[in-house]
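Given next are the chains, with one letter for each unit.
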Amino acid sequence: MSVSVDLKGSGISFKLLKEFEVEIKKAHQKLFDKTGEGSDFLGWVDWPIRYDKQEFERIISASEKIRQKSQVFLVVGIGGSYLGSKAALEAIKGNFHNQMNKDTPDIFFVGNNISSRYLKDILEIIKDKEICVNVISKSGTTTEPAVAFRIIKKMMEEKYGREESARRIFATTDKSKGALLELAKKENYETFVIGDDIGGRFSVITPVGLLPMSVAGIDIREFMHGAASGYEKYKTPNIDINPCFKYVAFRNIMYSKGKKIEILANYEPSLSNFSEWWKQLFGESEGKDHKGIYPSSVNFTSDLHSMGQYIQDGERHIFETVIRIAGHNPEIIMPEDENNLDGLNYLSGKSLADINEKALEGTFLAHVEGGVPNCIISVETLDSYTLGNLMYFFMVSCGTSGYLLGVNPFNQPGVETYKENMFALLGKPGYEELQKKLLS
């Protein structure tokens, strides 16, 4: 039920893999011993086996209340505060979760941008619905979610009154400090904790990801069992046993050969937002000190009719990681047509899943032949357990790869620059000198 890594399309010899194993072991040990740079943000490493069981039960209880009293659940957050749960929701429940008949609320994600059109459209959709809200922020002052939540809080209080509104708002925030915690105490919101030692992009296994998942009807017990199973397997410092080692070796050997762009490819549209979660995980962790592999993604087979041209024949500075769902796909059989005008009768009797698998195999062969090294990461199915295991696999691989690269994978100094410029241009107190500089 765990992840497997196939490097037959990588062009990497077993000897070269073993040569990289020594350095990977050192990086991996820093991660699991919590001795590397940024070690104060390594609480996620053993979180799957030490998480707060009482809070976990409160998450399940709160999700049941939310399902009973709401038709819409708004998740307010940005970056790691929403990408993990959105990825899980679509991977498990599908792209059309909100449009399907179900006994769970529609779920919308807000506060991940500052677009008035985006927020207005959602507010229009939900205006006559029963609503609950989960606002997610360690500080409560991150601009995008703070802006959205101020508007939504006002809307909720006008709709329900202050007391009932407070019963419908749930805050996931810091345990002991911050503007959102202060507001939650003042208004009597139920709160859940983002640990001080867990950064946003690693927080999908905490209440940040678990509450929205549970509201959507995802089995979060199985999700955490999958992550715990990953902890036990992916802490093993052996490239023959631990698939993280193979993936980390693949990425870093490619980087050493001048391949600076990694493309994550999937053949299931429901993994599109998983790719967005993965891009933040690796981009924000490795892009430091003018180093790092640039993470990008494609959705096949759709993008084979657009980006496929560049991947096949463009500049050879790319490599490809493919997520493969090996089995347990819905069975839709291709029918026979007596006229056969489309010439597809040769596919009659085959399942769509089998056709999709052959598309994967054919693309793999074409790209490898075209000079694009490939790594295939396989899981048997997409369920709660497997997804928890897969996400933990990528988190361990990311931390290990960052240390191997020689950067601190657990800070993000570069994201502050745009914020400071934005604050200055908007006239935030304390940024007067920067404003003068930017406007001169």
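Rules used throughout
Residues numbered from 1 in each chain as written. Predicted model: local features only at pLDDT ≥ 70, side-chain atom pairs only at ≥ 80, totals over all residues. Heavy atoms only, no water. Helix = DSSP H or I, 4+ residues; strand = E, 2+ residues; numbered from the N terminus. Rg over C-alpha atoms; globule rule 2.2 N^0.38 Å. Buried < 20%, exposed > 50% of the residue type's maximum accessible area, 1.4 Å probe, protein only. Contact = heavy atoms within 4.5 Å. Areas by Shrake-Rupley, 256 points an atom, 1.4 Å probe, with all protein chains shown as cover. Lys, Arg positive; Asp, Glu negative; His and termini not counted. Charge placed at Lys NZ, Arg CZ, Asp CG, Glu CD. Pairing = 2+ DSSP bridges. Axes fitted to C-alpha atoms, helices over the stretch in contact; angles between N-to-C directions. Core = buried A, V, L, I, M, F, W, Y, C linked by side-chain atoms within 4.5 Å. Salt bridge = Lys/Arg side-chain N within 4 Å of Asp/Glu carboxyl O.

**Structural notes on the overall build of the protein**
Alright, step 1. Tallying secondary structure elements over the protein gives 17 helices and 10 strands in all.
Alright, step 2. In summary, the protein has a C-alpha radius of gyration of 23 Å against a globular reference of 22 Å for 440 residues, a match within 12%.
Alright, step 3. In terms of its C-alpha atoms, the protein occupies a principal-axis envelope of roughly 60 × 60 × 50 Å.
Alright, step 4. Within the protein, the fraction of its 440 residues that count as buried is 50%.
Alright, step 5. In the protein, the proportion of contacts linking residues at least 24 apart, taken out of those at least 6 apart, comes to 77%.
Alright, step 6. When the accessible surface of the protein is totalled, it reaches about 20300 Å², and 51% of it is carbon and sulfur.
Alright, step 7. Across the protein, the centroid of the 52 positively charged side chains sits 5 Å from that of the 59 negatively charged ones.

**Remarks on the sheet that holds strand 7 (residues 261–266)**
Alright, step 1. Ordered in space as 1-10-9-7-8, the five strands form an open sheet in which the pairing is mixed. Taken across any chain shown, the strands that pair with only one partner, and hence form the sheet edges, are strand 1 (4–6) and strand 8 (294–299). Taken pair by pair, the neighbouring strands of this sheet meet at an average axis angle of 25°, ignoring direction.
Alright, step 2. By the bridge criterion, six bridges tie strand 7 to strand 9 (residues 318–325) in an arrangement that is parallel. Residue Asn266 lies in a different strand from strand 9, and its bridge partner there is Ile323.
Alright, step 3. Across the sheet, helix 15 (residues 384–405) lies against strand 1, strand 9 and strand 10 (374–379), angled at about 145° from strand 10, the strand it touches most.

**Some words on the nonpolar core**
Alright, step 1. One finds Trp44, Tyr247, Phe274, Trp277, Phe393 and Phe394 to be the most contacted residues of the largest nonpolar core, which totals 89 residues.
Alright, step 2. Element by element, the count of residues in this core is highest for helix 15, at 11 residues.
Alright, step 3. Not counting chain neighbours up to four residues away, the residues in contact with Phe393 comprise Val3, Val5, Tyr234, Pro243, Cys244, Tyr247 and Ile377.
Alright, step 4. Core analysis: the second largest hydrophobic core is formed by 23 residues, Leu74, Leu119, Ile169 and Ala171 among them.

**Observations regarding the pattern of salt bridges**
Once their charged atoms are close, side chains differing in charge can pair, the charge on each being opposite to the other.
Alright, step 1. Overall, the coordinates contain 31 salt bridges when judged by the stated rule.
Alright, step 2. Note that Lys65 is salt-bridged to Glu190, the shortest N-O span being 3.4 Å. Here Lys65, found in helix 3 (residues 53–69), pairs with Glu190, found in strand 6 (residues 190–193); they are 125 residues apart in sequence, far enough to count as distant.
Alright, step 3. The partner of Glu357 in a salt bridge is Arg324, with the nearest N and O atoms 2.8 Å apart. Taken together, the residues span a long stretch of sequence, with Glu357 in helix 14 (residues 352–369) and Arg324 in strand 9 at a distance of 33 residues.

**With respect to the sheet that holds strand 2 (residues 72–76)**
Strand pairing in a sheet relies on backbone hydrogen bonds, with the paired strands running either antiparallel or parallel.
Alright, step 1. Read across the sheet, five strands follow the order 3-2-4-5-6 without closing on themselves; strand pairing throughout is parallel. The open sheet has two edge strands with one neighbour each: strand 3 (106–110) and strand 6. Averaged over all pairs of adjacent strands, the angle between strand axes in this sheet comes to 20°, irrespective of strand direction.
Alright, step 2. Two elements, strand 4 (residues 131–136) and strand 5 (residues 169–173), share four bridges in a ladder whose sense is parallel. By the bridge assignment, Val133 is partnered in strand 5 with Ile169.
Alright, step 3. In the packing of helix 5 (residues 116–126) onto the sheet, the strands contacted are strand 2, strand 3 and strand 4, and the crossing angle to strand 3 comes to about 155°.
Alright, step 4. The sheet strands contacting helix 9 (residues 207–215) are strand 2, strand 3, strand 4, strand 5 and strand 6, and the helix crosses strand 2 at an angle near 165°.

Just geometry here; none of it tells us what the structure is for.
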